[in-house]
Structure formats: structure tokens, C-alpha cells
Amino acid sequence: MTPERAADRCEERARASQGPEIGLTMGVSNQTGVFGGASLGISTDAIMGRDPLAVYESCVMNLTGELPIRPARLRDI
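Rules behind the numbers
Residues numbered from 1 in each chain as written. Predicted model: local features only at pLDDT ≥ 70, side-chain atom pairs only at ≥ 80, totals over all residues. Heavy atoms only, no water. Helix = DSSP H or I, 4+ residues; strand = E, 2+ residues; numbered from the N terminus. Rg over C-alpha atoms; globule rule 2.2 N^0.38 Å. Buried < 20%, exposed > 50% of the residue type's maximum accessible area, 1.4 Å probe, protein only. Contact = heavy atoms within 4.5 Å. Areas by Shrake-Rupley, 256 points an atom, 1.4 Å probe, with all protein chains shown as cover. Lys, Arg positive; Asp, Glu negative; His and termini not counted. Charge placed at Lys NZ, Arg CZ, Asp CG, Glu CD. Axes fitted to C-alpha atoms, helices over the stretch in contact; angles between N-to-C directions. Left-handed = near helix turned anticlockwise from the far one by under 90°. Nonpolar A, V, L, I, M, F, W, Y, C, P; charged D, E, K, R; others polar. Pairing = 2+ DSSP bridges. Expected span 1.5 Å × (residues − 1). Arc of directions from axis to C-beta. Core = buried A, V, L, I, M, F, W, Y, C linked by side-chain atoms within 4.5 Å.

A. Quick look at the overall build of the protein chain. Each helix and strand counted, the protein chain has 3 helices and 2 strands in total. Its helices and strands in sequence order give the protein chain the pattern α-β-β-α-α, from N to C terminus. Relative to the globule expectation of 11 Å for 77 residues, the C-alpha radius of gyration of the protein chain, 17 Å, shows a markedly less compact shape. Its C-alpha atoms give the protein chain principal-axis dimensions of roughly 55 × 25 × 20 Å. Within the protein chain, the fraction of its 77 residues that count as buried is 25%. Taking contacts inside the protein chain between residues at least 6 apart in sequence as the whole, the part at least 24 apart equals 57%. Accessible surface computed for the protein chain: about 5,500 Å², of which carbon and sulfur atoms make up 55%. For the protein chain, the distance from the average site of its 8 positive side-chain charges to the average site of its 10 negative ones is 4 Å.

B. Geometry of the side chain of E11. Tracing the sequence through the fold places E11 in helix 1 (residues 3-16). Judged by its relative accessible area of 2%, E11 falls in the buried class. Setting aside its immediate chain neighbours within four residues, E11 contacts Y56, R70, P71, A72, R73 and L74.

C. Region of interest: the packing of helix 1 against helix 3 (residues 52-64). Contact geometry of helix 1 with helix 3 gives a least axis separation of 9 Å together with a crossing angle of 145 degrees. As helix 1 packs across helix 3, the resulting crossing turns out to be right-handed. Side by side, helix 1 and helix 3 meet where P3, A6, A7, R9, C10, E11, R13 and A14 of the first sit next to P52, V55, Y56, C59, V60, L63 and T64 of the second. Class assignment for the residues of the contact of helix 1 with helix 3 results in 11 nonpolar, 1 polar and 3 charged.

D. Highlighting the pairing of strand 2 (residues 33-41). Alignment of strand 1 (residues 21-29) against strand 2, held across 9 bridges, turns out to be antiparallel. Bridge pairing in strand 2 places M26 opposite G36. Linking strand 1 back to strand 2 in an antiparallel pair, the connection comprises 3 residues.

E. Looking closely at helix 3. Spanning 13 residues, helix 3 covers 18 Å between terminal C-alpha atoms, matching the ideal 18 Å at 1.5 Å per step. Among the residues making up helix 3, those that are buried are P52, V55, Y56, C59 and V60. Along helix 3, the residues classed as buried sweep out an arc of 125 degrees about the axis, all on the same side. Close packing links the buried residues of helix 3 with helix 1 and helix 2 (44-47).

F. Spatial organisation of the nonpolar core. By size, the foremost hydrophobic cluster in this structure holds 7 residues: A7, C10, A14, Y56, C59, V60 and A72. Looking at this core, the elements with two or more residues in it are helix 1 and helix 3. Leave out the neighbours within four places in its chain, and V60 touches A6, A7, C10, G65, E66, L67 and P68.

This is the structure:
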């Protein structure tokens, strides 16, 4: 795996470790009328309270055997 691909993949995992991700969908359709939906996701890293930066670094090391090529780009909390 390339270092770039590992960084992208591990950033996703580190973002998920920051806490629950909540998604809401609402809309109107001329066929079904009003609709809505919700989703909630939480990773085991978040449940365990792991530091997102440590998750990122260890993930990259596991995938490439090298340190990350760039700092993690995480979501604002």
C-alpha cells in the first residue's frame, strides 16, 4: 500500500475515533412525499477512548511499516 493511500485510509479511521458520527436526511419527493432518515455510527476506537492521533499513527505504521507522511486531517469537534 502506498503511503498516500495509507494516510487517507487511516485518517478515516482516526476521524471515526473522535466520537459518534450522526447523519440526518430529510426531503420531499413528488412520488413519496416527505421522507427522513437518521444514522448513528461509533467506532471501537471511540468506545475505547483512544487518542485519534495515536490511532492515525499506529494505523499507518501497521499498513506501511513507516511513520506517516503527513499530519492527520481530522474533523473539528
